[in-house]
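Listed here are the chains, written in short residue letters.
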Amino acid sequence: MSLAKRKENLASSVGYSNSIPQEEWKMLREAKALLSTKEMEEGNREESKKGMQLLKDHIYYNVNIVIGGSLNAIKYAHEKGYNLVNNCMDVIFPFDENRDELYLELRIETDLELYQHLLYDLSLRNLNMFSDKVRKIDVDLDQGMLAVYTKDNSRVLVMFDNLYVSDFSNVGGLEVKENPTEFYRVFDWFDVRSGTKHNHNLLETESALCNKIYFYKSDRIDGNHEYKDLVAESVLSEQQLQEVEYSNSIVRLKTMRIMKDNGILGRSKGLNRNSPIEIEFYKRDIVPILERKIHEFSSSRNNTTSRSAT
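Rules used in this analysis
- Residue numbering note: each chain is counted from 1, following its sequence as written.
- pLDDT decides what is reported in this predicted model: residues at 70 or higher carry local features, side-chain atom pairs at 80 or more are listed and counted, and totals for whole chains, interfaces and linings draw on all residues regardless.
- Each side-chain value is derived from all of the structure's non-hydrogen atoms; neither hydrogens nor water enter the calculation.
- Strands here are runs of E lasting at least two residues and helices are runs of H or I lasting at least four, both read from the DSSP assignment and numbered beginning at the N terminus.
- Each residue is placed in one exposure class: buried if its accessible area under a 1.4 Å probe, protein chains only, is under 20% of its type's maximum, exposed if it is over 50%, and partly exposed if it falls in between.
- Method for areas: the Shrake-Rupley scheme with a 1.4 Å probe, in which residue coverage is limited to the protein chains shown.
- Helix span is expected to be 1.5 Å times the residue number reduced by one.
- The arc in question is formed by the directions pointing from the helix axis toward the C-beta atoms.
- Paired strands are those between which DSSP finds at least two bridges.
- Only C-alpha atoms enter the line fits that serve as axes; for helices the fit covers just the stretch in contact. Angles between N-to-C directions range over 0 to 180 degrees.
- The contact criterion used is simple: two residues touch if any of their non-hydrogen atoms lie within 4.5 Å.
- Each aromatic pair joins two rings of Phe, Tyr and Trp (for Trp, the six-membered one) with centres within 6.5 Å, and gets the label stacked for planes under 30 degrees apart, edge-to-face for over 60, and tilted for any other angle.
- Two conditions define a charge sitting above a ring: the NZ of Lys or the CZ of Arg must be within 6 Å of the ring centre, and it must be within 35 degrees of the ring normal.
- When an angle is under 35 degrees it counts as roughly parallel; over 145 it counts as roughly antiparallel; between 65 and 115 it counts as roughly perpendicular; any other value is oblique.
- Take the far helix as your reference; a near helix turned counterclockwise from it by less than a right angle gives a left-handed crossing, and one turned clockwise gives a right-handed crossing.
- Any residue outside Ala, Val, Leu, Ile, Met, Phe, Trp, Tyr, Cys, Pro, Asp, Glu, Lys and Arg is labelled polar, Gly included; the first ten of those are nonpolar and the last four are charged.

(A) Quick look at the overall build of the chain. In terms of helices and strands, the chain carries eight helices and 15 strands. For the chain, buried positions account for 36% of its 310 residues. By element, 48% of the accessible surface of the chain is carried by carbon and sulfur atoms, the whole surface being about 19900 Å².

Spelled out as structure tokens, the structure:
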């Protein structure tokens, strides 16, 4: 959708300010001028109470609703033009390349950029219903109703005809057996203390431990510079996550060895001498590797079908 079209849609969605003729506006202002300040304040409070009650009692209706916070769910909602209820924020690794040909022509290079772009576009089209405010969702298939509980403890009712669920986190009322997670992407982030200046952006190995090492411009240092920190990616099972041989300490030692083997040097000491490479552990992110399918539900019958969202 072009920028001009987005602006046109946005303008049409708020283009109601001219719906009241100027004469009526003038009469309204004159009538309000006759009221005392106290009466106006009381009237405003009463109108506010009525408005809040109407919002609480209101039941929204959307034909098609997608529940999920994964990139696949967001792409599905975007491509279909369906309303999105984002029940959880998936961890999007910032260095994963965008390989979707449909969006490559937009010059979106990473999955994180694509994720942010699609959410922004859904919001512009008024399809991102609750943004990141969802705490939990109760589903009543017989009634075709969602009860969405937000982080500020409000409850919003939404009727639907068709429901598409990618992630069942924080979702009640649906019985679907998902395959258990067998493997995890593990990201160990390190601050580089010695060995920050080199030309490498990515190092790859054939091992599951430290399978890839990404180097990026350090955000610990202000200004324009060439100093790099790193994150090491591994693919581990749940059992391996409990073993010392796959801990962040072992990842640290192996990462420094891989850096040295690829010609990266520590801090210069002059006279062609260098300090040893030194990296300091910052944090570990563990992301389950899941097969994100779209499960379809209908409000008119209590059955389930499943298909890939891609």
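(B) Quick peek at helix α6 (residues 111–124). The first and last C-alpha atoms of α6 sit 20 Å apart over 14 residues, in line with the 20 Å expected at 1.5 Å per residue. All buried positions along α6 are accounted for by Asp111, Leu114, Tyr115, Leu118, Leu119, Asp121 and Leu122. For α6, the angular spread of the buried residues around the axis is 165°, confining them to a single face. The first or second residue beyond α6 is Asn126, which carries a positive phi of 65°.

(C) Layout of the sheet that holds strand β10 (residues 228–237). Read from one edge of the open sheet, five strands run β8-β9-β10-β7-β13, paired in antiparallel fashion. At either end of the open sheet lies a strand with only one pairing partner, and these are β8 (202–204) and β13 (278–288). Adjacent strand axes in the sheet meet at a mean angle of 20°, parallel and antiparallel pairs treated alike. Sheet topology places strand β9 (residues 212–217) next to β10; six bridges connect them, and they run antiparallel. Looking across to β10, one finds that Tyr214 is bridged to Val231. Packed onto the sheet, helix α8 (residues 248–261) meets β7 (183–194), β8, β9, β10 and β13 and runs at close to 120° relative to β13.

(D) Here's a closer look at the packing of aromatic side chains. Here the structure, examined in full by the defined rule, presents 12 aromatic pairs. Ring centres of Phe93 and Tyr214 lie 5.0 Å apart, and the angle between their planes is 65°; this geometry places the pair in the edge-to-face category. Of the two residues, Phe93 sits in the loop between β2 (83–85) and α5 (101–104) while Tyr214 sits in strand β9, which places them 121 residues apart along the sequence. With respect to class, Phe93 is no different from Tyr214; both count as buried. On the basis of an interplanar angle of 70° and a centroid distance of 5.8 Å, the ring pair of Trp189 and Tyr216 is categorised as edge-to-face. With a gap of 27 residues between them, Trp189 in strand β7 and Tyr216 in strand β9 connect regions that are remote in the sequence. Judged by relative accessible area, which is 17%, Tyr216 ranks as buried. Every member of this aromatic cluster is reached through a ring pair, and the members are Phe93, Phe95, Phe187, Trp189, Tyr214 and Tyr216. Note that Lys136 overlies the ring of Tyr149, its terminal NZ or CZ placed 5.0 Å from the centroid. The lysine or arginine in question, Lys283, covers the ring of Trp189, its NZ or CZ lying 5.6 Å from the ring centre.

(E) Here's a closer look at the packing of helix α4 (residues 71–80) against α6. One way to put it is that α4 packs onto α6 with a least axis distance of 10 Å and a crossing angle of 40°. By the angle class used here, α4 and α6 are oblique. Between α4 and α6 the crossing geometry is left-handed. For the pair α4 and α6, the contacting residues are Leu71, Ile74, Lys75, Ala77 and His78 in the first and Asp111, Leu114, Tyr115, Leu118, Leu119, Asp121 and Leu122 in the second. In terms of residue class, the contact of α4 with α6 is made up of eight nonpolar, one polar and three charged.

(F) Region of interest: the environment of Arg99. As for its placement among the helices and strands, Arg99 is situated in the loop between β2 and α5. Exposure remark for Arg99: the relative accessible area of 68% places this residue in the exposed category. C-alpha of Arg99 to C-alpha of Glu109: the two residues are 10 residues apart in sequence and 8.3 Å apart in space.

(G) Representation of the environment of Pro276 in the model. Locating Pro276 in the fold gives a position in the loop between β12 (273–274) and β13. Through-space distance from the C-alpha of Pro276 to that of Leu265 is 7.3 Å; in sequence the pair is 11 residues apart. Beyond its immediate sequence surroundings of up to four residues, Pro276 is in contact with Ser194 and Gly266.

(H) A look at the pairing of strand β4 (residues 145–150). In terms of burial, β4 is largely enclosed, as five of its six residues are buried. Here six bridges tie strand β3 (residues 134–140) to β4, and the two strands are oriented antiparallel to one another. Within the sheet, the bridge partner assigned to Lys136 lies in β4 and is Tyr149. A loop of four residues connects β3 with β4, the two strands running antiparallel in sequence, and Gly144 in this loop sits at a positive phi of about 65°. When β4 meets strand β5 (residues 155–165), the two strands line up antiparallel, connected through five bridges. Looking across to β5, one finds that Ala147 is bridged to Leu157.

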